[in-house]
Every structure is written in structure tokens, then in C-alpha cells.
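In case you want the letters, here they are:
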Amino acid sequence: MVRQTSANGGWRAGLALAAAVILASCSPEARLPDLQQIYQRTTEAGEQGPRRRPLIAIPGTLGTRLVDSESGAPIWGGGGSAGISADPDDPAEYALIALPVAEGAEPFSELRDSVLPAGILETAEARVLGVPIDINVYGESIELLSEGGFNVLRRRPGRDAFDDQRFFVQPQPAPTPTIDEPPSDFDSFQFDYDWRRDLIDTAHRFGEFLEERRATVARDRGVPEREVRFDLLAHSMGSLVSRYFLMYGFAAPSEEPGAPLPPITWAGAEFFDRVVFVAPPNGGSIIAMDNLVNGKELGPLQPVYPAAMLGTHPAAYQLMPRSRHNRLRIDGETVRDIFDPALWVEMGWGLADPGAGAELALLMPNEPDADRRRARAIAYQARLLRRAERFHAMMDRWAEPPEHLDLFLVVGGGFETPAVAEVDTATGVFAITENEEGDGVVLRASALLDERLDGDLTRGFRSPLRFDTTLFLPDEHVELTRNRVFGDNLLFWLLEAPRGGAELERPRNAGVLGSISDGDPAGSAVVVGSPSEVPSSGSDR
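Right, let's walk through the structure included here. (Residues numbered from 1 in each chain as written. Predicted model: local features only at pLDDT ≥ 70, side-chain atom pairs only at ≥ 80, totals over all residues. Heavy atoms only, no water.)

The next thing to look at is the sheet that holds strand S20 (residues 469-473). Taking strand neighbours across the sheet as the criterion, the 6 strands line up as S10-S1-S11-S12-S17-S20 in an open arrangement whose pairing is parallel. Strand pairing shows two members of the sheet lacking a second neighbour, strand S10 (188-190) and S20, which therefore form its edges. Sheet twist, expressed as the average angle between the axes of neighbouring strands with direction ignored, equals 15°. For strand S1 (residues 55-58) and S10, the ladder comprises 3 bridges, and the chain directions are parallel. From the neighbouring strand, Ala-57 faces S10, where its bridge partner is Gln-190. Across the face of the sheet, helix H5 (residues 199-221) comes into contact with S1, S10, strand S11 (230-235) and strand S12 (272-278) while running at roughly 145° to S11. (Pairing = 2+ DSSP bridges. Helix = DSSP H or I, 4+ residues; strand = E, 2+ residues; numbered from the N terminus. Axes fitted to C-alpha atoms, helices over the stretch in contact; angles between N-to-C directions. Contact = heavy atoms within 4.5 Å.)

With that settled, the discussion passes to the packing of aromatic side chains. Each aromatic ring pair is summarised here by two numbers: the centre-to-centre distance and the angle between the ring planes. For the coordinates displayed, the defined rule picks out 19 aromatic pairs. Ring geometry for Trp-76 versus Trp-195: centroids 5.8 Å apart, planes at 80°, classification edge-to-face. Separated by 119 residues along the polypeptide, Trp-76 in strand S3 (residues 74-80) and Trp-195 in the loop between S10 and H5 bring together distant segments of the chain. Of the two residues, Trp-76 and Trp-195, both sit in the buried class. Here Phe-277 and Phe-467 contribute two aromatic rings whose centre-to-centre distance is 6.1 Å and whose plane-to-plane angle is 80°, an arrangement assigned as edge-to-face. Of this pair, Phe-277 sits in strand S12 while Phe-467 is found in the loop between helix H13 (444-448) and S20, placing the two residues 190 residues apart along the sequence. There is no split in this pair, since Phe-277 and Phe-467 are both buried. (Phe/Tyr/Trp six-rings, centres within 6.5 Å; stacked < 30°, edge-to-face > 60°. Buried < 20%, exposed > 50% of the residue type's maximum accessible area, 1.4 Å probe, protein only.)

Below, the discussion takes up the pattern of salt bridges. Inspection of the entire model under this criterion finds 24 salt bridges. Close ionic contact of Asp-113 with Arg-196 constitutes a salt bridge, the shortest N to O distance being 3.1 Å. Of this pair, Asp-113 sits in the loop between helix H3 (91-97) and strand S5 (115-120) while Arg-196 sits in the loop between S10 and H5, and the two are 83 residues apart along the sequence. Judged by relative accessible area, which is 26%, Asp-113 ranks as partly exposed. (Salt bridge = Lys/Arg side-chain N within 4 Å of Asp/Glu carboxyl O.)

This brings us to the sheet that holds strand S19 (residues 429-438). Two modes of strand pairing occur in sheets, parallel and antiparallel, and in both the strands are linked by backbone hydrogen bonds. Strands sit in the order S16-S15-S18-S19 across an open sheet of 4 strands; the sheet is mixed. In this open sheet, the two strands that pair with only one neighbour each are strand S16 (333-334) and S19. Pairing of strand S18 (residues 415-424) with S19, which is carried by 9 bridges, proceeds in the antiparallel orientation. For Asp-424, the partnering residue across the bridge sits in S19 and is Val-429. With respect to the sheet, helix H7 (residues 286-294) is in contact with strand S15 (328-330), S18 and S19, its orientation differing from that of S19 by roughly 165°.

For helix H14 (residues 484-495), built from 12 residues, the straight-helix expectation of 16 Å at 1.5 Å per residue is met to within 8% by its first-to-last C-alpha distance of 16 Å. Taken across its 12 residues, H14 has 10 buried, putting it largely inside the fold. Within H14, the full set of buried residues consists of Phe-486, Gly-487, Asp-488, Asn-489, Leu-490, Leu-491, Phe-492, Trp-493, Leu-494 and Leu-495. Residue Asn-483 occupies the N-cap position of H14, its side-chain oxygen lying 2.7 Å from the main-chain nitrogen of Val-485. (Expected span 1.5 Å × (residues − 1). Polar contact = N/O pair within 3.5 Å; in protein donor to acceptor, adjacent residues only side chain to side chain.)

The next subject is a nonpolar patch on the surface. Side chains of Val-131, Ile-133 and Ile-135 sit close together on the surface and give an oily, nonpolar patch of about 230 Å² of accessible area. Its place among the elements puts Val-131 in strand S7 (residues 131-136). Since its relative accessible area comes to 48%, Val-131 is described here as partly exposed. (Patch = residues over 30% accessible without salt bridge, like charges linked within 9 Å, V, L, I, M, F, W, Y side chains within 5 Å. Areas by Shrake-Rupley, 256 points an atom, 1.4 Å probe, with all protein chains shown as cover.)

Turning our eyes to something else, we now look at the nonpolar core. Phe-206, Phe-272 and Trp-349 are the most contacted members of the largest nonpolar core, which totals 104 residues. Within the second largest apolar cluster, 23 residues are counted, among which are Leu-471, Leu-490, Leu-491 and Leu-494. (Core = buried A, V, L, I, M, F, W, Y, C linked by side-chain atoms within 4.5 Å.)

Take a look at the structure:
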């Protein structure tokens, strides 16, 4: 009897397996969504009219082409004989990639050079052994938007590259308007910016850009400026720039020690209706600190940016991780304050490197004395570290946003991502030693600003940030922006999802991230075609 049962069981198992194989062979393979077909009816049904919000797009670090306004030479993004970047081994070009070193307490906004942004990088041009190679950066992302009917506008090559008025033109084959006759049907703007500069200064320039664009849209639509609101698509560091402006507008922190931080006013929220942050480094990245200590390799057979040169870029410090997240160890001991200027001098990092004398001479050509150059560099580095700490303190707190503002977060994953660095003082080596879940550049924990530092998962998810909807996708940091599942969600959010909560029966904070002090659930998110689950949410706004 036992043998008979065993035989029957084996026969049934084999039949089930065969049936599964047959069914699998007959099942159609999933295809990527045809976004143009999906959203064509939406755009034809009047969504190009007043109901459709104009879209602002802001890229991440390295996502804007930089040019020298005096010579016209490309500094970053390609288009010249040097390839993707100016050559840091050339003294004149080294000085162009760097930013001026402050002599004293000059405001960061005044530390300017002749380099200007010249459009979002759709395609960058690198050179390998003299052979030009095109690298797609944001070109496919713009195509996703165009499939949803967005009239995506680009900066015109030539004179506009050096014109801070930032007029844009339609892509070919549409006719090219002149600077004096901007198109009246545009509904998408690109904010390019100098990714080397202080993010607070960049946020203020973003505000000026929004004021200009709002005035233009109001004029073309024949409505008061106060009635014009935009949607926002921000990637990576662009998310930090735009989130700062949303929360603080044109306010800035004092550099005085112990001075109170400006209050969260959500002054910038008056410009926006719906905001999508993609792969934001909300908790920073140990990669930024590694670059400041070891320099940055741009890729195989590509230029290497020296650490001292990168040490003049305020944004590099503002991308560093938080000290409280325990991302750095020295001789096995966790460093409690990675922003301590004395630590950087002791370790000889960045502008405090004793061996960087020749570089400091390039950075400060009008300072003849080597000792004064070193003292000035160390003092400036201390200012940059303190500025980064103040920036983080402002970004890591929260107040209830205006009711009209919808906030979306897209998080990448599936890649080993640098998480922890260690320093061996015997050798002086600073090296990445641990990886965690992320998109290869930004940790999942950083995008979420996850504060579960003690490993205690029983208290639930904790973060100072809150979002209405969170979407997880298995993709790399830049590839996320051209992922068609992301594109489907993005176009749904921008074109079809009801706004303001009145038309959609769901909690206001669907998919919201929990606060540090409160992990109560508050509903689920509206996500299209996501293979991942959405986390439980925190308290209602």
C-alpha cells in the first residue's frame, strides 16, 4: 500500500510539473508599456490645456553641461577635443574645474568664476584612446516625457549656452523660435545648474528661475502669476536643491556658530502642485567623502579629478553622509564627527593634504606665500564642512507641508552600494569596505533617510521625511530615470492621478514614510505596475 501511494504521488507530481511547463510555454511574455499609446488619449482629451501643469525637470550631479563663458570651451559633458571633461592635468583647465577659494568670509554666492551651466546632459561625449563615444545620460528620460505628450524644451546651442536668461527652444523638427519670440505652447522646462556650487545658493537660483518661468507661463496663458503652479521631476542631487527651496524658499542659515536655523516655511511650495523625487541622496553618500579624500576617477582611460580640486566644491561636502549614521571607521573605531575640521587636518584630507602644495598654487595664483595658501585652504575647508553640517540640519527636519502639495519618492535597488569606509592610520588608506542595498550610488537607507541606526526593527520604520507615495524599483541610479515602469508611474502621476485628494478616496499620506517618533500606519500608495511592495506609512500630515 505504501508503495502504491508513493507511486501515485510521484505520478501526480510529474503530471503537475509537465502541466506547469506546458502552461509556461504558452504564457505570453510581459512587454514594456507602450507609453505613447497608453497616454495618447489623455493628451488628446484636453490634458494639454489649463488642467495640465507645466513641468520643471532638474538633473543630478554631473547632469548639467558646463562651459567656460569666456572661451566657449566645454568644461564638462564633452563636445571638445578633451572628451567628457576638461583636463585636470592641464594647469589652466584644472583651475576651471575648481572653484575659487575664499580669502575670508565672503558669501558662497560671490565665489564665482567664468564657468556657466549650458543645458541638461542628454548625451555626454567621452573619448577612449582618441575615439569619441556617446553616453546616454538624460536623453531617454526626455523621450519618456515626450511619449506622454510633454513638449520638452531644450537650451539652444551657441549664444544661449552663455545667456543666464535660460530661454529654451523646441527640439527638431519643430521650428526654432528666436530668443525674442519664445514658444507659447511649451509645458516643460529644464533647470540646469552648476553642480560644483553650494546647494543653498543653487536653490536660490532655482527660485529665481521659477519666478521667470511662472511669469512667462502666466503671460502666455493670460492668467495671474499666483494661479500658475508647476509639477517637478527631480533626480539625485537635484532633489536636494529643490527640496531645500520647497521648505525654505530664499532663506539661508547663518554661518555664526550657535545661530538658530531658519524656520521651515514651505515658501517654495507656492510654485508647485506635484513633486517627484527620484533617487535622492537624502542621507548623503560615503562615495562623496571618498572622492574628497581620494579624488574621483571618471572611468576607464578617463581623467581623474584630484581630491584638492574637488575640495573647492561646496556641493561635494553637502553630499557627505551624516555623522550619526556611522559610515566611517578609523582603525576599527567609529568616527562620531566626520565634519570636524581638525580631523581633516590631522588626516591630511582634501585641501589640508600636506602634499597638495602645487595644487594650492594653481587654486590661489595671486597668493605668493605657500604657508598663507595652506592656511587659507584649511580655513576655507573648515567653512565648507560647517556649511554642510548646517545644510544637513536644515534638511533633516520636517514640518507639515501645505495641503495642496503631493510628494512622491522613487527609490532604486538591487545593487551593492558603498555604505561604510575605513581608514588604516598605519598606511593612511581610506577605502570602502562595506556595501548595502541601493542603486549603486545612493543607498536605499539614504533615499528614505532611514533612522533605524540601532538595528532595532521592532519599532517600525523611522524617518524625519514623509512622502505621499513611495515606489521601489530594481534599477541603477541613472537607469531609473529611463525605466519604462517608472515612466508609466510618472506619467500617471502627472497626467491622470486625481490631485488634492478630493477625487480619490484614499488617506492623504498613502505610502508616507514614518517619522522618527511615530510609526503608525496610514494606508497604501497608488503605484502602477510596480514589482515591489510599498512600505507602511507614518502619521498623517
